[in-house]
Amino acid sequence: RPPKAPPRRPRGKPRFSRQSAIKKSFQQEQVVFSTPVPADPTVAIIGGGASGLACASALAARGVRAVVFDTGMHGLGGRMATRMVDDGRRLVFDHAAQFFTASDQRFQKLVDEWVDKGLAREWRGSIGELEAGGHFTAIPSSTPRYIGVRGMRPLADAMLPEVYQNDLIKVVRPSWISKLEPFNGLWRLFESEKPQGQYDAVVIAHNGKCANRLLSTSGLPQLTRQMKETRVEFYLGTTCGI
Ligand SMILES: Cc1cc2nc3c(=O)[nH]c(=O)nc-3n(C[C@H](O)[C@H](O)[C@H](O)COP(=O)(O)OP(=O)(O)OC[C@H]3O[C@@H](n4cnc5c(N)ncnc54)[C@H](O)[C@@H]3O)c2cc1C
């Protein structure tokens, strides 16, 4: 007799419930690695936005190898995303971060390098909020504001090349890491069911919802709980530059 087919999932029901996965993960035992991190570790960084790239670059500066996984079809940078029409001759359009400021000395140093290379420049136009009816309220700023000359994405690309040459950073893209699993003192990564290597440490460098999802099945209930309890306050608004 053929085996009984499993009951069909009702249509329209989500295949994954974050809440139930998080609840389930609280019942897991916390994974504890007893072996120390080796002297020459390899770190997996999940997310190739500004945070992930800054992390890879900082690790490489200390001689630590990293593999950056990112979903980007068009390039790295995450929310430093730029679209071009006619190879940028007709339009260069930043559809996430449009400008940035530098309040940290180390970031200011990087921004100065971008300015010297002609990748970024100071934006002296006004920036503010445009309301329905056309009323524009400028948002004053005492610190300089910068934009990417050819959009934001080239800045993301510029965060890596030098250290790339040292072979310390590898980029895997497009790749969506769907599972993080402890195994023999290492972290195994999977893209769907495809193994994507094993690493001494993992950095999750993307937003909370996806990070919670990865954590919720990775044997780290305490961390998952902490992440779930983290509250972020959002400011909703639209910024435009004139
Ligand atoms: C519309 C908009 C306007 C903004 N304007 C400004 C602004 O004017 N000034 C400013 O300073 N900031 C602005 N921001 C915020 C700024 O863009 C972000 O704070 C910053 O880029 C976040 O960087 P990040 O590296 O933390 O995350 P992200 O840039 O989101 O990068 C995370 C990357 O990880 C990838 N990823 C996620 N899950 C996985 C996975 N499982 N496997 C592999 N890869 C994964 C994502 O696809 C993404 O590429 C804006 C954001 C938006 C959306």
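Here, the structure is the one placed above.
Throughout what follows, the structure given in this document is the object of discussion. Nothing here was measured: the structure is a model prediction, and the numbers come from that model. (Residues numbered from 1 in each chain as written. Predicted model: local features only at pLDDT ≥ 70, side-chain atom pairs only at ≥ 80, totals over all residues. Heavy atoms only, no water.)

Description of the overall build of the protein chain
So, step 1. Along the backbone of the protein chain there are 7 helices and 14 strands.
So, step 2. Looking at the 242 residues of the protein chain, the share that counts as buried comes to 31%.
So, step 3. Taking contacts inside the protein chain between residues at least 6 apart in sequence as the whole, the part at least 24 apart equals 63%.
So, step 4. Taken as a whole, the protein chain presents about 16300 Å² of accessible surface, with 53% of it coming from carbon and sulfur. (Helix = DSSP H or I, 4+ residues; strand = E, 2+ residues; numbered from the N terminus. Buried < 20%, exposed > 50% of the residue type's maximum accessible area, 1.4 Å probe, protein only. Contact = heavy atoms within 4.5 Å. Areas by Shrake-Rupley, 256 points an atom, 1.4 Å probe, with all protein chains shown as cover.)

Some words on the packing of helix α6 (residues 208-215) against helix α7 (residues 221-229)
So, step 1. Packing of α6 against α7 leaves a shortest axis separation of 9 Å and a crossing angle of 160°. One element, α6, and the other, α7, form an angle in the roughly antiparallel class. With respect to the hand of their crossing, α6 and α7 are arranged in left-handed fashion. Across the interface between the two elements, A211, N212 and L215 of α6 pack against L223, T224, M227 and K228 of α7.
So, step 2. Its residues placed into classes, the contact of α6 with α7 shows 4 nonpolar, 2 polar and 1 charged. (Axes fitted to C-alpha atoms, helices over the stretch in contact; angles between N-to-C directions. Parallel < 35°, antiparallel > 145°, perpendicular 65-115°, else oblique. Left-handed = near helix turned anticlockwise from the far one by under 90°. Nonpolar A, V, L, I, M, F, W, Y, C, P; charged D, E, K, R; others polar.)

Observations regarding the nonpolar core
So, step 1. Residues I45, F100, W114 and L155 are the most contacted members of the largest nonpolar core, which totals 25 residues.
So, step 2. Elements that contribute at least two residues to this core include exactly β1 (42-46), α2 (50-61), β2 (65-69), α3 (105-116) and α4 (153-158).
So, step 3. Element by element, the count of residues in this core is highest for α2, at 4 residues.
So, step 4. For this core, the two domains that each supply at least three residues are domain 1 (18-97 + 158-231) and domain 2 (98-151).
So, step 5. Not counting the four nearest positions on each side in its chain, F100 is found in contact with F107, V111, W114, P144, R145, Y146, M152 and L155. (Core = buried A, V, L, I, M, F, W, Y, C linked by side-chain atoms within 4.5 Å. Domains from an automatic or database assignment.)

Describing the environment of V64
So, step 1. Tracing the backbone through its elements, the reader meets V64 in the loop between α2 and β2.
So, step 2. V64 sits in the buried class, given a relative accessible area of 16%.
So, step 3. C-alpha separation for the pair V64 and T42, spaced 22 residues apart in sequence, amounts to 6.6 Å.
So, step 4. Contacts of V64, omitting those with residues within four sequence positions, involve P41, V43, L59 and L168.

Topic: the environment of E122
So, step 1. For E122, the location among the structural elements is in strand β5 (residues 120-122).
So, step 2. Owing to a relative accessible area of 30%, E122 belongs among the partly exposed residues under this scheme.
So, step 3. Considering only alpha carbons, one finds E122 and I147, 25 residues apart in sequence, at a separation of 6.3 Å.
So, step 4. With residues up to four places along the chain from it excluded, the contact list for E122 reads P144, R145 and Y146.

Observations concerning the site of the ligand
So, step 1. Near the ligand you find 22 residues, and of these S51, D70, T71, R79 and F99 are the closest.
So, step 2. One nitrogen or oxygen atom from the main chain of R79 is found 2.7 Å from an oxygen atom belonging to the ligand.
So, step 3. One of the side-chain nitrogen or oxygen atoms of Q98 is found 2.8 Å away from an oxygen atom of the ligand.
So, step 4. Here the ligand has 1000 Å² of accessible area as a free molecule, and 69% of this is covered by the chains.
So, step 5. When grouped by side-chain class, the residues that make up the shell around the ligand number 9 nonpolar, 11 polar and 2 charged. (Near = heavy atom within 4 Å. Polar contact = N/O pair within 3.5 Å; in protein donor to acceptor, adjacent residues only side chain to side chain.)

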